[in-house]
Amino acid sequence: IEECGFLPKAATPLLQRSPYHPTDVKPCESQMLVSVIIPTYNRAKTIERAVNSVLAQTWKEIEVIVVDDGSTDQTDEVLKAYGDKIRVIRQKNGGPSAARNTGIKAATGEIVSFLDSDDAWLPLKTERQVKLLQRTASAGVVCCVCNARMLFSSGAITSFQSAGLHPEQAEGIWTNPAEVLTTRFLFFNQVVAVRREALSQSGLFREDLPYGLNDDYDLSLRLSLIGPWAFIAEPLVEWHEHIDNISRTHSQLAICTQTIQILRDINNSPRFRLLLPQDMLNRRLRSLNNSICALRLETHENPSMRLLGRCFHFYLRGCEALHSRMATAPRMITHAI
């Protein structure tokens, strides 16, 4: 990778220790198969939009695998209407992570993508990602992420904006995803196209996380540790807010607690520990612990303690905003191809 000029010298030591190597990537065929996995549970009203957006992709070498995770509404009837255009796997309810893992095990494509059953892709999403992965194969790129338009009742924002990602190019190679993802969350499942070999090396979705909470962050961080990524700055995914989205039904306290557990588990892994940027990891853990302290104070029975918690939280947000503007804060390092 360094010989190709994609990595600055400061970034090479991390990736030189990576267990994923460019030689693991086979030459890409022009029409490589993409397996699209759609987990669903009681999404009769939205599953059609998701499936139709996949069938409308300009890249036609696609197998669509819908994993019905024990739906009790009319989801099954909606899916039957597609006939042999899609493959439906039915299982007892085990959560989104278990459903995605079922789909991964059944997939036969060289590239694997995920779409939640209440969201949608733009028609060029798969074609652009596959072609970019083909062009970056010799650089050991493990996956490609695109931007997403996130539609809230209060307005819209892109996933790159939400994560503070501001690439200089429209598309290219992202050389330091591990440094960035150690410090923040990036909307991941619906925007990724990942090489099957890399997915196998990094491991599948964790099924022991409550309600699949942060399962996408866990997998994305592990993938970021085994090689550079490709990226597309244009939003090619539409994410739709729903009142029962996981991100809305779980408290910030639960999210912070689970994120700490994920970071510690990966850091305790003999395979990944040496690949984690330890200074950024330690700062993130301190920040999360401070947030937990503030959140607990905000729920205290004493009004004075609740006020103290709100003030502490306001102070922490200010510190994070200030740090994000400092030269030491990790920023997205990219290269055009």
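Here, the structure is the one placed above.
Note that the structure is predicted; figures quoted are calculated from it, not measured.

(A) Highlighting the packing of helix 9 (residues 215-224) against helix 11 (residues 252-267). Orientation of helix 9 relative to helix 11, taken along the N-to-C sense of each, is 30 degrees, at an axis distance of 10 Å. In terms of orientation, helix 9 lies roughly parallel with respect to helix 11. Once helix 9 is placed against helix 11, the crossing between them reads as right-handed. Between helix 9 and helix 11, the residues in contact are Tyr 217, Asp 218, Leu 221 and Arg 222 and Thr 259, Ile 262, Leu 263 and Ile 266, respectively. Here the residues of the contact of helix 9 with helix 11 sort into 5 nonpolar, 1 polar and 2 charged.

(B) Region of the structure containing the packing of helix 12 (residues 278-298) against helix 13 (residues 303-324). In contact at an axis separation of 7 Å, helix 12 and helix 13 are set at 155 degrees when each is read in the N-to-C sense. If you check the angle between helix 12 and helix 13, you find them roughly antiparallel. For the pair helix 12 and helix 13, the sense of crossing is left-handed. On helix 13, the residues that touch Arg 283, Ser 287, Asn 290, Ser 291, Cys 293, Ala 294, Leu 295, Leu 297 and Glu 298 of helix 12 are Met 305, Arg 306, Leu 308, Gly 309, Arg 310, Phe 312, His 313, Leu 316, Glu 320 and His 323.

(C) Broad picture of the nonpolar core. Counting 80 residues, the largest nonpolar core has Ile 38, Phe 114, Trp 174, Val 194 and Trp 229 as its most contacted members. By residue number, the principal contributor to this core is strand 10 (residues 229-240), which donates 7 residues. Excluding residues within four positions of it along the chain, Val 194 makes contact with Glu 110, Ile 111, Val 112, Phe 114, Val 142, Cys 143, Leu 199 and Leu 223. Within the second largest apolar cluster, 6 residues are counted, among which are Ile 65, Ile 89, Ala 99 and Ala 106.

(D) View of the side chain of Gln 258. With respect to the element layout, Gln 258 can be found in helix 11. Accessibility expressed as a relative area gives 11% for Gln 258, which makes it buried. Excluding residues that lie within four positions of it along the chain, Gln 258 makes contacts with Leu 209, Pro 210, Leu 213 and Asn 214.

(E) Layout of the side chain of Ser 220. Relative to the helices and strands, Ser 220 resides in helix 9. A distance of 2.9 Å separates a polar atom in the side chain of Ser 220 from the backbone oxygen of Tyr 217. In contact with Ser 220, other than residues within four places in its own chain, are Leu 181, Phe 188 and Trp 229.

(F) Summary view of the pairing of strand 9 (residues 192-195). Where burial is concerned, the two faces of strand 9 agree: the one with Val 192 and Val 194 and the one with Ala 193 and Arg 195 are both buried. The pairing of strand 4 (residues 111-114) with strand 9 spans 3 bridges and is antiparallel. Note on strand 9: the bridge partner recorded for Ile 111 is Arg 195. Pairing of strand 6 (residues 143-152) with strand 9 involves 3 bridges; the strand directions are antiparallel. The residue of strand 9 that forms the bridge with Cys 143 is Val 194.

(G) Inspection of the environment of Phe 187 at higher detail. By the element assignment, Phe 187 lies in the loop between helix 7 (177-181) and strand 9. Taking the C-alpha atoms as reference points, Phe 187 and Asp 216, 29 residues apart in sequence, are found 8.0 Å from one another. With near-sequence residues (within four places) excluded, Phe 187 lies in contact with Ala 148, Met 150, Ser 159 and Trp 239.

(H) Seen up close, the packing of aromatic side chains. One pass over the structure, following the stated rule, counts 7 aromatic pairs. Judged by centre distance (6.5 Å) and plane angle (20 degrees), the rings of Phe 312 and Tyr 315 are stacked. On the criterion of helical spacing, the pair formed by Phe 312 and Tyr 315 is a turn pair, its members being 3 residues apart in helix 13. Taking relative accessible area as the criterion, Phe 312 reaches 23% and is therefore assigned partly exposed.

(I) The arrangement of helix 4 (residues 96-106) in detail. Burial runs high along helix 4: 8 of the 11 residues are buried. What helix 4 keeps buried is the set Ser 97, Ala 98, Ala 99, Arg 100, Asn 101, Gly 103, Ile 104 and Ala 106. Buried residues along helix 4 sit in contact with strand 1 (34-40), strand 2 (62-68), strand 3 (87-90), strand 4, helix 8 (196-202) and helix 9.

(J) Expanded view of the pattern of salt bridges. Scanning the model with the defined rule gives 13 salt bridges in all. Across the pair Glu 127 and Lys 131 runs a salt bridge whose closest N-O atoms are separated by 2.8 Å. Taken as a pair, Glu 127 and Lys 131 lie in helix 5 (residues 125-135) at a separation of 4 residues, close to a single helical turn. By relative accessible area, Glu 127 is classed as buried at 19%. According to the relative accessible area criterion, Lys 131 is partly exposed, its value standing at 38%. In this structure, Glu 171 engages Arg 135 in a salt bridge whose closest nitrogen and oxygen atoms are separated by 2.9 Å. One end of the pair, Glu 171, is in strand 8 (residues 171-174); the other, Arg 135, is in helix 5, and 36 residues separate them in sequence. Among the ionic contacts, a cluster of salt bridges with common partners joins Arg 128, Arg 135, Glu 171 and Glu 234.

Rules behind the numbers
- Residues numbered from 1 in each chain as written.
- Predicted model: local features only at pLDDT ≥ 70, side-chain atom pairs only at ≥ 80, totals over all residues.
- Heavy atoms only, no water.
- Axes fitted to C-alpha atoms, helices over the stretch in contact; angles between N-to-C directions.
- Helix = DSSP H or I, 4+ residues; strand = E, 2+ residues; numbered from the N terminus.
- Parallel < 35°, antiparallel > 145°, perpendicular 65-115°, else oblique.
- Left-handed = near helix turned anticlockwise from the far one by under 90°.
- Contact = heavy atoms within 4.5 Å.
- Nonpolar A, V, L, I, M, F, W, Y, C, P; charged D, E, K, R; others polar.
- Core = buried A, V, L, I, M, F, W, Y, C linked by side-chain atoms within 4.5 Å.
- Buried < 20%, exposed > 50% of the residue type's maximum accessible area, 1.4 Å probe, protein only.
- Polar contact = N/O pair within 3.5 Å; in protein donor to acceptor, adjacent residues only side chain to side chain.
- Pairing = 2+ DSSP bridges.
- Phe/Tyr/Trp six-rings, centres within 6.5 Å; stacked < 30°, edge-to-face > 60°.
- Salt bridge = Lys/Arg side-chain N within 4 Å of Asp/Glu carboxyl O.

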